[in-house]
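Observations on the three-dimensional arrangement
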Amino acid sequence: MAWQGNVAAMPVQMQMYYTGTGPATDQGEVAEPVVNFLKWFYHFIEKNEIYHVENMYEDGYYKISDFYFKDKPWPSPEVVQGIVEEKDETSIFMILYRELYFRHIYARLKPTLEHRFDSYANYCELFSYLLTAEEPVKIELPNKWLWDIIEEFVYQFQNFQQFKSKAGKINDEEKSMLRDDEDNVWKVTAVLNILLQLTEKCNINQQLIAAERGEPITEEIAGEFGMKPIYTMTGFFSLVGLLRLYCLLGDYHMALSCIEHVQFKDKDMMALVPACQITANYYAGFAYLMIRKYGNTIQLYQHILGYMQRTKQFFQNRSFQADDIKQEKRADVSASSYCQHLLSPPT
């Protein structure tokens, strides 16, 4: 019986992870509800049934994480490969599962240096899958998942640089691994290059320029790959990823140039994922602040604070995202007040 996106339509075993029943799990013994979830998730991704994938990603994955894996990792990729009976460890399902597996470790646990290396390699494998294809890939993923992939990619880059900067807390084995790193893991030029390639693959800037002019998006403008949502949305989210990355690097003019053609409107492409809208406004406002365009900062932050108030329900079941959003909201309020003070006439 196919899962229809609600508890009543699921097999009884799958309903268990919504009701919070079922045995506890560890790496050696995976609870039955988790096994069922993984098998259905694999089935829907293989069949490219995006509606069901979206429901399982945005609801089931987080509920299972909260109940079964609050302070422990998900089953290892090797275990999951056996559960879903996937023979190819380089299949797109296994790449996507590893992305979720490592992201969960970053969010709930403390990643080891090996985790950091393996996660980077997996992201390279995922982006290579998209970028080196001779024709557009057939798989489609929810916009929310595509955004989370780009956001997490930039976050893990930032986290790795912070990890390396704390030389006193790195043990001898980790120092040796870093010295022997021949792949230049999490190198800034490599991360920038990947994001730029994702924007170019779908001609996203050309698409945004055409949209500004009110022109229809045709294959002549977008190219063969740009006509597929997975490439267009990944390219668009990569622009926001570049905005954030250049802000981290302190190149604020370059950061703003990345979003030159992006429209900060509630009905724009960006609004399809509220977290993307908030992140883009936050970093764009910060970049304007750093180049002393205080009026632009105030305008963006006042807009996004209202938007955050209207969309706060989207983050109530995403505990780690809710914390990030709250921090950005506090920063927005502080920066907006600071800019208003600077622009106020002296008394």
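Residues numbered from 1 in each chain as written. Predicted model: local features only at pLDDT ≥ 70, side-chain atom pairs only at ≥ 80, totals over all residues. Heavy atoms only, no water.

Some details on the packing of helix α10 (residues 204-212) against helix α11 (residues 219-226)
Two measures define how a pair of helices packs: the angle their axes make with one another and the distance between the axes. Contact pair α10 / α11: the axes reach a minimum separation of 9 Å and the direction vectors enclose 140 degrees. The angle between the axes of α10 and α11 places the two elements in the oblique class. Here the hand of the crossing between α10 and α11 comes out left-handed. Contacts between α10 and α11 involve Q206, Q207 and A210 from the former and I221, A222 and G226 from the latter. Across the contact of α10 with α11, the residue classes break down as three nonpolar, three polar and no charged. (Axes fitted to C-alpha atoms, helices over the stretch in contact; angles between N-to-C directions. Helix = DSSP H or I, 4+ residues; strand = E, 2+ residues; numbered from the N terminus. Parallel < 35°, antiparallel > 145°, perpendicular 65-115°, else oblique. Left-handed = near helix turned anticlockwise from the far one by under 90°. Contact = heavy atoms within 4.5 Å. Nonpolar A, V, L, I, M, F, W, Y, C, P; charged D, E, K, R; others polar.)

Some remarks on a negative patch on the surface
A cluster of acidic side chains, namely E134, E135, E219 and E224, defines a negative patch on the protein surface. Mapped onto the elements of the fold, E134 is located in the loop between α6 (113-131) and α7 (143-165). Taking the relative accessible area as the measure of exposure, E134 reaches 79% and is therefore exposed. (Patch = residues over 30% accessible without salt bridge, like charges linked within 9 Å, V, L, I, M, F, W, Y side chains within 5 Å. Areas by Shrake-Rupley, 256 points an atom, 1.4 Å probe, with all protein chains shown as cover. Salt bridge = Lys/Arg side-chain N within 4 Å of Asp/Glu carboxyl O. Lys, Arg positive; Asp, Glu negative; His and termini not counted. Charge placed at Lys NZ, Arg CZ, Asp CG, Glu CD. Buried < 20%, exposed > 50% of the residue type's maximum accessible area, 1.4 Å probe, protein only.)

Let's talk about the pattern of salt bridges
Summed over all chains, the structure comprises seven salt bridges. Note that E125 and R98 form a salt bridge whose closest N and O atoms lie 3.5 Å from each other. A residue pair is termed long-range when its members are at least 10 positions apart, and E125 in helix α6 and R98 in helix α5 (residues 92-108) qualify at 27 residues. Since its relative accessible area comes to 29%, E125 is described here as partly exposed. The buried category is assigned to R98, whose relative accessible area is 14%. E140 is the salt-bridge partner of K228, the closest N and O atoms lying 3.6 Å from each other.

A word on the packing of aromatic side chains
The tally for this structure, following the rule as stated, stands at 30 aromatic pairs. Between Y57 and Y62, the aromatic rings sit 5.9 Å apart at their centres with planes inclined by 65 degrees, giving edge-to-face as the arrangement. Given a relative accessible area of 0%, Y57 falls into the buried group. The class for Y62 is buried, based on a relative accessible area of 3%. Aromatic pair Y282 and Y283: ring centres 4.9 Å apart, planes at 85 degrees, arrangement edge-to-face. Each member of the pair, Y282 together with Y283, is buried. When the ring centre of F163 is taken as origin, the NZ or CZ atom of R116, which lies over that ring, is 4.4 Å away. Above the ring of F225, the side-chain terminus of K201 is found at 4.1 Å from the ring centroid. (Phe/Tyr/Trp six-rings, centres within 6.5 Å; stacked < 30°, edge-to-face > 60°. Lys NZ or Arg CZ within 6 Å of the ring centre and 35° of its normal.)

Digging into the confidence of the model for the protein
Averaged over every residue, the pLDDT of the protein is 85; the share at 70 or more is 81%. Per-residue pLDDT stays below 50 along residues 16-27; that stretch engages in 38 contacts with residues further than four places along the chain or on separate chains. (pLDDT = per-residue confidence, 0-100.)

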